[in-house]
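These are the residues of each chain, in order.
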Amino acid sequence: MKDSLPEATTQSYDRIKDLKAFDETKAGVKGLIDSGIRNIPRIFIRPSDEIAADQKYSNNTQLHIPVIDLSGIGEDDKHKKIVGQVKRASKDWGFFQLVNHGISENVLEGMMDGIKRFHEEDADVKLGFHSRDLMKNVKYSSNVDLYRSTAANWRDSLTVSLPNFDPIEPLDLPLICRDSTIEYINEATKLAQTLLELLSEALGLKPEHLASIE
């Protein structure tokens, strides 16, 4: 691993070569750490002008993301208020934060703990889930946009996709985080269905309208 990602001077730097060398290990960032690497490879270092632009933007902007409280959503008055908040936030911002959404802290912590334990698995175990095939519902990789971004992110990801809310096949999930992931998916799916109903109502449609679109 150490030899596959050599230090490079500005003149000799071949980014694509380094990206391929990293990608072909299929071990991700955790593999770099386990190899005992001492310096962060150049593929992870952001261009200085990009960092400066971000700092300039963040220093001159104070944003307050809309926060929507879903507690009491079953009560008529609160339900109407929440629909109005979803409508305004979607129109003015395009996104919002939810609180009191019904997913318990235990489920959230269990999900994060399970994913952490997966990433701490031996490389051979994770290799069985490695893929860059966008059509796979369960896949492990490092940086989805590895060959498109200006700098790679210092992270690995286990991605679980649920197209059209189709149920996941439990055996497709890593054993070490299978139960916690399924529990989280079930709760998150309920929340997603609630959001679709709220968005439908915000558009003046029947609650089931968006969910019924195939």
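Just so you know, these numbers come straight off a predicted model, no measurement behind them.

1. Some words on the environment of Ala188
Thinking step 1. If you trace the backbone, Ala188 turns up in helix α7 (residues 178-202).
Thinking step 2. For the pair Ala188 and Gly114, spaced 74 residues apart in sequence, the C-alpha separation works out to 16 Å.

2. Regarding the UniProt feature "domain: Non-haem dioxygenase N-terminal" (unreviewed entry) in the protein
Thinking step 1. Under the UniProt annotation, the feature "domain: Non-haem dioxygenase N-terminal" (unreviewed entry) is placed at residues 65-163.
Thinking step 2. Secondary structure within residues 65-163 divides into 37% helix and 14% strand; the distance between the first and last C-alpha atoms comes to 28 Å.

3. A look at α7
Thinking step 1. Over its 25 residues, α7 runs 36 Å from end to end, which matches the ideal 36 Å to within 8%, given 1.5 Å per residue.
Thinking step 2. Buried within α7 we find Arg178, Ser180, Thr181, Ile185, Thr189, Leu191, Leu196, Leu198, Ser200 and Ala202.
Thinking step 3. Of the surrounding secondary structure, the elements contacted by the buried residues of α7 are α4 (76-92), β2 (97-99), α5 (105-119), β4 (157-160) and α8 (209-212).
Thinking step 4. Residue Gly204 follows α7 closely and has a positive phi angle near 80°.

4. Notes on the environment of Gly204
Thinking step 1. Mapped onto the elements of the fold, Gly204 is located in the loop between α7 and α8.
Thinking step 2. What makes Gly204 exposed here is its relative accessible area of 67%.
Thinking step 3. For the pair Gly204 and Asp34, spaced 170 residues apart in sequence, the C-alpha separation works out to 54 Å.

5. Quick word on the packing of α5 against α7
Thinking step 1. Their axes nearest at 8 Å, the elements α5 and α7 cross at an angle of 140°. One element, α5, and the other, α7, form an angle in the oblique class. Pair α5 / α7 crosses with left-handed handedness. Along its contact with α5, which presents Val107, Leu108, Gly110, Met111, Gly114 and Ile115, the element α7 presents Ser180, Thr181, Glu183, Tyr184 and Glu187.

6. Observations concerning the nonpolar core
Thinking step 1. If you look at the biggest cluster of nonpolar residues, it comprises 12 residues: Ile68, Leu70, Ile82, Val83, Val86, Ala89, Leu98, Ile103, Val107, Leu191, Leu198 and Ala202.
Thinking step 2. At four residues, the largest contribution of residues to this core is made by α4.
Thinking step 3. Other than its neighbours up to four places away in sequence, Val107 contacts Glu183, Tyr184 and Glu187.
Thinking step 4. If you look at the next biggest cluster of nonpolar residues, it comprises 11 residues, including Ile115, Phe129, Tyr140 and Ile168.

7. With respect to α4
Thinking step 1. Compared with the 24 Å implied by 1.5 Å per residue over 17 residues, the 24 Å span of α4 between its first and last C-alpha is a close match.
Thinking step 2. Among the residues making up α4, those that are buried are His79, Ile82, Val83, Val86 and Ala89. With its buried residues spanning 135° around the axis, α4 presents them on a single face. Of the exposed residues in α4, those oriented more than 90 degrees away from the buried face are Asp77, Lys80, Lys81, Arg88, Lys91 and Asp92.
Thinking step 3. Looking at the buried residues of α4, the elements they touch are β1 (67-69) and α7.

Analysis parameters
- Residues numbered from 1 in each chain as written.
- Predicted model: local features only at pLDDT ≥ 70, side-chain atom pairs only at ≥ 80, totals over all residues.
- Heavy atoms only, no water.
- Helix = DSSP H or I, 4+ residues; strand = E, 2+ residues; numbered from the N terminus.
- UniProt positions renumbered as here; feature names shortened; annotations may be inferred.
- Expected span 1.5 Å × (residues − 1).
- Buried < 20%, exposed > 50% of the residue type's maximum accessible area, 1.4 Å probe, protein only.
- Contact = heavy atoms within 4.5 Å.
- Axes fitted to C-alpha atoms, helices over the stretch in contact; angles between N-to-C directions.
- Parallel < 35°, antiparallel > 145°, perpendicular 65-115°, else oblique.
- Left-handed = near helix turned anticlockwise from the far one by under 90°.
- Core = buried A, V, L, I, M, F, W, Y, C linked by side-chain atoms within 4.5 Å.
- Arc of directions from axis to C-beta.

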